[in-house]
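Here is how the chains run, residue by residue.
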Amino acid sequence: MSDLSGKTTIVVGASRGLGHGIATAFAEAGSRVVAVSRTAAPFAEPAGTAGSTVPELADAGDPTVAGSLLDRYRPEVVVLAAGASPHMRPLQHQTWETFSVNWQTDVRIAFHWLREALLTPLRSGSRVIVVSSGAAMAGSPLSGGYAGAKATQRFITGYAQDEAKRAGLDITFSAVLPRITPATELGRSAARAYAARDGRSEEEYLKQMGPLLTPEIAGSAMVELVRTEATAVAPGYLLTGAGLKKLP
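Caption draft 1: View of the pattern of salt bridges. Summed over the entire model, instances satisfying the criterion amount to 6 salt bridges. Salt-bridge contacts for Arg115 lead to Glu116; the nearest nitrogen and oxygen are separated by 3.5 Å. For Arg115, a relative accessible area of 42% gives the class partly exposed. Classification of Glu116 by relative accessible area gives buried; the value is 16%.

As structure tokens, this is what we get:
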């Protein structure tokens, strides 16, 4: 997978934030990118002999969408970066509906796409990356069920890898856990909420986190991961402004 020219990559959640950066990076690396999102988003035309971007307006959580798009495009790479923005409130100010929004959205999307990747199945040598969150390890007391939902995404990515091996499918599944970043709408909201909770400014809160993750860094990291020899790919990675770090 070192050469992405002529390969097809589906990026789910490509309209904004890290997903947009990931879609852009794969197109610039030469891939034909199918950018799946519920709303349209502009993409710059890749330079030279780079790849292309094909928009697909769809609800990734619809149980029929994953199978339909996998059948139509037959991708070698699938990146799942879609999810809902959590309601940033302490536990007692959540309702069950706000608390469970990421279970109903993020986990649902991962479940449908991982299931279809195994059932289709994707062609030999394919890669599937599920973008979870660093909250899956550290927790997130102001975002309801977000951290638990993101941990479940990581778990079921591992389940999918195990099932692929049991079925003799040459598909590599990985979970990537990005650290909070103000470069996304979700990250800005979380940073403001946690800074206020700690009685600090947003700038002070972010400064303690070291190099900040950007959509461009995320895109480069995902391309790097897909280009890595499958036998060297870890089940999970932490993603920060410094890049990818294998998780135990």
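Caption draft 2: Molecular detail of the pairing of strand β8 (residues 243-246). Relative to β8, strand β7 (residues 236-240) is paired through 4 bridges, and the arrangement is antiparallel. Opposite Leu239, over in β8, you have Leu244 as the bridge partner.

Caption draft 3: Unusual backbone geometry, seen in detail. The omega angle of the peptide bond from Thr120 to Pro121 is -25°, so this bond is cis rather than trans. With respect to the element layout, Pro121 can be found in the loop between α4 (101-119) and β5 (126-131). At Arg74, a position not held by glycine, the phi torsion is positive, near 50°. Tracing the backbone through its elements, the reader meets Arg74 in the loop between α2 (65-73) and β4 (77-80).

Caption draft 4: Broad picture of the environment of Ser124. On the secondary structure map, Ser124 appears in the loop between α4 and β5. Classification of Ser124 by relative accessible area gives exposed; the value is 59%. Taking C-alpha positions, Ser124 is 8.3 Å from Glu76, a pair spaced 48 residues apart along the chain.

Caption draft 5: Up close: the side chain of Glu56. Positionally, Glu56 belongs in strand β3 (residues 52-57). A polar contact is formed between the side chain of Glu56 and the side chain of Arg72, at a distance of 2.5 Å. Ignoring any residue separated from it by four or fewer positions in sequence, one finds Glu56 in contact with Val34, Ala35, Val36, Ser37, Leu69, Arg72 and Tyr73.

What counts and how
Residues numbered from 1 in each chain as written. Predicted model: local features only at pLDDT ≥ 70, side-chain atom pairs only at ≥ 80, totals over all residues. Heavy atoms only, no water. Salt bridge = Lys/Arg side-chain N within 4 Å of Asp/Glu carboxyl O. Buried < 20%, exposed > 50% of the residue type's maximum accessible area, 1.4 Å probe, protein only. Pairing = 2+ DSSP bridges. Helix = DSSP H or I, 4+ residues; strand = E, 2+ residues; numbered from the N terminus. Polar contact = N/O pair within 3.5 Å; in protein donor to acceptor, adjacent residues only side chain to side chain. Contact = heavy atoms within 4.5 Å.

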